[in-house]
Amino acid sequence: MEIAGSVALVSGANRGLGAAFCRALLEAGASKVYAGARDIDAVGLPGVIPVRLDITSPADVAAAASECGDVSLLINNAGILTGAGVFSEDAMAAGRREFETNVFGPLALTRAFAPILGSNGGGAVINVLSVLSWLSNPGAAFYCASKAASWSLTNAMRQDLHAQHTHVMALHVGLMETDMAARLRGSKSSPDEVASQALAGIQAGAFEVLADETSRRVRSGLSADLTVLYPSLAPVVGA
Ligand SMILES: NC(=O)c1ccc[n+]([C@@H]2O[C@H](COP(=O)([O-])OP(=O)(O)OC[C@H]3O[C@@H](n4cnc5c(N)ncnc54)[C@H](OP(=O)(O)O)[C@@H]3O)[C@@H](O)[C@H]2O)c1
């Protein structure tokens, strides 16, 4: 689909990658950009329309769907990272929070907007996933599990919405220069660069955009022996 002339809704649009998506959409000529945010006063970008949207709130999701009936591009961007692992003290509560936001939030938004996208000609959905959809890090086990679940649901939605000509694209990326990754070490992509790659992917009809080398390496490692992605599990030679 063409970004120029499209009407987009971005969740978590007040900062990080969501704000970068809003800038990229305006630059690419989107005719309207709804900036979904829990706190609409935190949306500072001129040219967007702030929409109150906590993606875990059924009332907010329903209100956004009735307020934004002209949307042709839904960008499920909002997400959280708690850092809870399987054996963390707060594992059960933190893991549930992560699933509510990273899995059930985008799912609820997509379910609410699917009929709108269909009646506006099909349009597209971008689900912001992660390289961690394919790789588990024990220090963020529930985040990884939530992105893996969301990847699976993305593959289901893509098939469900095919008949109504709604294109569903997954965006996978490693670390980015945003608040979420502020305390993490490693090479980080610019969210503006990632947002423009994602919009280029939508224009090209891609099913997946792997926005950095880490995502491409891990994706291709899925068919290898498990020790390629988890080298600490490899037997010690000579032991
Ligand atoms: N940063 C990375 O290295 C990285 C890597 C791979 C994938 N990602 C993914 O990229 C997406 C954007 O993350 P980011 O890096 O931009 O993180 P961020 O800077 O922490 O921003 C997260 C955004 O999500 C919003 N949000 C959180 N919970 C929400 C809820 N219940 N309802 C509505 N909005 C909510 C936040 O709003 P508030 O301001 O109200 O908290 C904020 O706008 C996420 O899906 C994340 O998992 C990030």
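Our subject is the structure listed above.
Residues numbered from 1 in each chain as written. Predicted model: local features only at pLDDT ≥ 70, side-chain atom pairs only at ≥ 80, totals over all residues. Heavy atoms only, no water.

(A) Seen up close, helix H4 (residues 141–162). The terminal C-alpha atoms of H4, which comprises 22 residues, lie 32 Å apart, in line with the 32 Å expected from a rise of 1.5 Å per residue. Listed in full, the buried residues belonging to H4 are Ala 141, Phe 142, Tyr 143, Cys 144, Ser 146, Lys 147, Ser 150, Thr 154, Met 157, Arg 158 and Leu 161. Looking at the buried side of H4, the elements it contacts are helix H3 (91–119), strand S5 (124–128) and strand S6 (167–172). (Helix = DSSP H or I, 4+ residues; strand = E, 2+ residues; numbered from the N terminus. Expected span 1.5 Å × (residues − 1). Buried < 20%, exposed > 50% of the residue type's maximum accessible area, 1.4 Å probe, protein only. Contact = heavy atoms within 4.5 Å.)

(B) The site of the ligand, seen in detail. The environment of the ligand is made up of 28 residues, and the closest members are Arg 15, Arg 38, Asn 77, Tyr 143 and Thr 178. Contact distances for the ligand include 2.7 Å between an oxygen atom and a side-chain N or O atom of Asn 14. The separation between an oxygen atom of the ligand and a polar main-chain atom of Asn 77 is 2.7 Å. Relative to its unbound accessible area of 900 Å², the ligand is 93% covered by the protein chains. Breaking the shell around the ligand down by element, the ones donating at least two residues are helix H1 (16–27) and H4. Residue classes in the shell around the ligand are distributed as 13 nonpolar, 10 polar and five charged. (Near = heavy atom within 4 Å. Polar contact = N/O pair within 3.5 Å; in protein donor to acceptor, adjacent residues only side chain to side chain. Areas by Shrake-Rupley, 256 points an atom, 1.4 Å probe, with all protein chains shown as cover. Nonpolar A, V, L, I, M, F, W, Y, C, P; charged D, E, K, R; others polar.)

(C) Highlighting the nonpolar core. Residues Phe 21, Leu 25 and Leu 171 are the most contacted members of the largest nonpolar core, which totals 32 residues. At six residues, the largest contribution of residues to this core is made by H1. Not counting residues up to four positions away in its chain, the partners in contact with Leu 25 are Ile 3, Ala 8, Val 10, Ala 30, Val 33, Leu 73, Ile 75 and Leu 199. (Core = buried A, V, L, I, M, F, W, Y, C linked by side-chain atoms within 4.5 Å.)

(D) Quick peek at the side chain of Asn 127. Checked against the element boundaries, Asn 127 lands in strand S5. Looking at Asn 127, the relative accessible area reads 2%, which means it is buried. A polar atom in the side chain of Asn 127 sits 2.8 Å from the side chain of Asn 76. At 3.0 Å, the side chain of Asn 127 forms a polar contact with the side chain of Thr 154. When residues no more than four places from it in sequence are discounted, the contact partners of Asn 127 are Asn 76, Thr 110, Thr 154, Met 157, Val 168, Met 169, Ala 170 and Leu 171.

(E) The arrangement of the packing of helix H2 (residues 58–67) against H3 in detail. It is the contact of H2 with H3, at a shortest axis distance of 10 Å, that shows an interaxial angle of 20°. Comparing their axes, H3 and H2 come out roughly parallel. As H2 runs across H3, the sense of the crossing is right-handed. Across the interface between the two elements, Val 61, Ala 64 and Ala 65 from H2 touch Ala 108, Leu 109, Ala 112, Phe 113 and Ile 116 from H3. Partitioned by chemical class, the residues of the contact of H2 with H3 number eight nonpolar, no polar and no charged. (Axes fitted to C-alpha atoms, helices over the stretch in contact; angles between N-to-C directions. Parallel < 35°, antiparallel > 145°, perpendicular 65-115°, else oblique. Left-handed = near helix turned anticlockwise from the far one by under 90°.)

(F) Geometry of unusual backbone geometry. Of note, the phi angle at His 165 is positive, near 65°, even though the residue is not glycine. In this fold, His 165 is placed in the loop between H4 and S6. Classification of His 165 as exposed rests on a relative accessible area of 62%.

(G) Main features of H3. Given a rise of 1.5 Å per residue, 29 residues ought to cover 42 Å, and the 41 Å separating the end C-alpha atoms of H3 matches this to within 8%. The sharpest bend along H3 comes to roughly 40°, located at Phe 113, with the proline Pro 115 sitting one to four residues further on. One or two residues past the end of H3 sits Gly 121, with phi positive at roughly 100°. (Bend = angle between axes of the 7 residues up to and from the residue.)

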